[in-house]
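# Reading the structure
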Amino acid sequence: MALRKIRYWGDPVLTKVCRPVDKVTDKIRSLVEDMFDTMYDAFGVGLAAPQVGVLKRIVVIDTGLEEPDPHVLINPEIIETSEETQTGPEGCLSVPGKNGDVTRPMRVKVKAYDLDMNEFILEGAGLLARAICHECEHLDGKLYVSKVEGELRDNPTEPEEEEEEI
Ligand code: NI
């Protein structure tokens, strides 16, 4: 397991447009493994390569609740979005401790390549749709903070465990 250093809001690397991947090398395979390790370690549901300082069009997502549901998207391209939208709190590992309301499509369809450079289509609804949109924007140097409706809030502090037990 190898963790990479997460880049934070204000780091110019997060504002750059990433380059497409043309070949999956061993270096890219270990980058993807490290991205999953880094994302899970930080309790995130998505991470884009520029967030660990690599300007390549690679995203990892896992919005699974009970069971893991890992996805690797190489050169992702959103090809369909629903008219129906969802508005809710969103956060980012590059903007720790904050969240804000963002409107996203309820459903999206994304075309991407897997680690064998086979093309596939992933359909996502709800949180997965939100994560796909959020992560794809990282690849174009955009952070969700520019889309927040209202104020960027501080995350609530974790309640004591006994307080949750009623
Ligand atoms: Ni993010």
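Heads up: the structure comes first, above all this text.
An account of the accompanying structure is given in this report. (Residues numbered from 1 in each chain as written. Predicted model: local features only at pLDDT ≥ 70, side-chain atom pairs only at ≥ 80, totals over all residues. Heavy atoms only, no water.)

### With respect to the coordination of the nickel ion
Within the protein, the atoms that donate to the nickel ion are Cys92 (SG), His134 (NE2) and His138 (NE2), at distances of 2.1 to 2.3 Å. Here the donor residues of the nickel ion are spaced in sequence according to C-x41-H-x3-H. Highlighted residues: Cys92 in the loop between strand E4 (85-90) and strand E5 (98-105) and His134 in helix H2 (residues 127-138), separated in sequence by 42 residues. As far as burial versus exposure is concerned, Cys92 and His134 are alike and both buried. (Donors = N, O, S within 2.8 Å, 3.2 Å for Na, K, Ca; no water. Helix = DSSP H or I, 4+ residues; strand = E, 2+ residues; numbered from the N terminus. Buried < 20%, exposed > 50% of the residue type's maximum accessible area, 1.4 Å probe, protein only.)

### Overview of H2
With 12 residues, H2 should cover 16 Å at 1.5 Å per step; its first-to-last C-alpha distance of 17 Å lies within 8% of that length. Of all 12 residues that make up H2, 11 are buried, and the element is covered over most of its length. For H2, the set of buried residues is Leu128, Ala129, Arg130, Ala131, Ile132, Cys133, His134, Glu135, Cys136, Glu137 and His138. (Expected span 1.5 Å × (residues − 1).)

### Describing the sheet that holds E4
Strand order in the open sheet made by the 3 strands is E4-E5-E8, with antiparallel pairing throughout. The sheet terminates laterally at E4 and strand E8 (149-154), the two strands that pair on one side only. Averaged over all pairs of adjacent strands, the angle between their axes in this sheet comes to 25°, without regard to strand direction. Direction of pairing for E5 relative to E8: antiparallel, over a ladder of 3 bridges. Bridge pairing in E8 places Lys98 opposite Asp154. Lying on the sheet, H2 is in contact with E4 and E5; it crosses E4 at an angle near 70°. (Pairing = 2+ DSSP bridges. Axes fitted to C-alpha atoms, helices over the stretch in contact; angles between N-to-C directions. Contact = heavy atoms within 4.5 Å.)

### Side note on the environment of Arg107
Within the element layout of this structure, Arg107 appears in strand E6 (residues 107-113). Overall, the relative accessible area of 41% leaves Arg107 in the partly exposed class. In the structure, Arg107 is positioned 26 residues away from Cys133 in sequence and 10.0 Å away in space, judged by C-alpha atoms. Once residues within four sequence positions are removed from consideration, Arg107 is found in contact with Glu80, Thr81, Ser82, Glu84, Gly124, Ala125 and Ala129.

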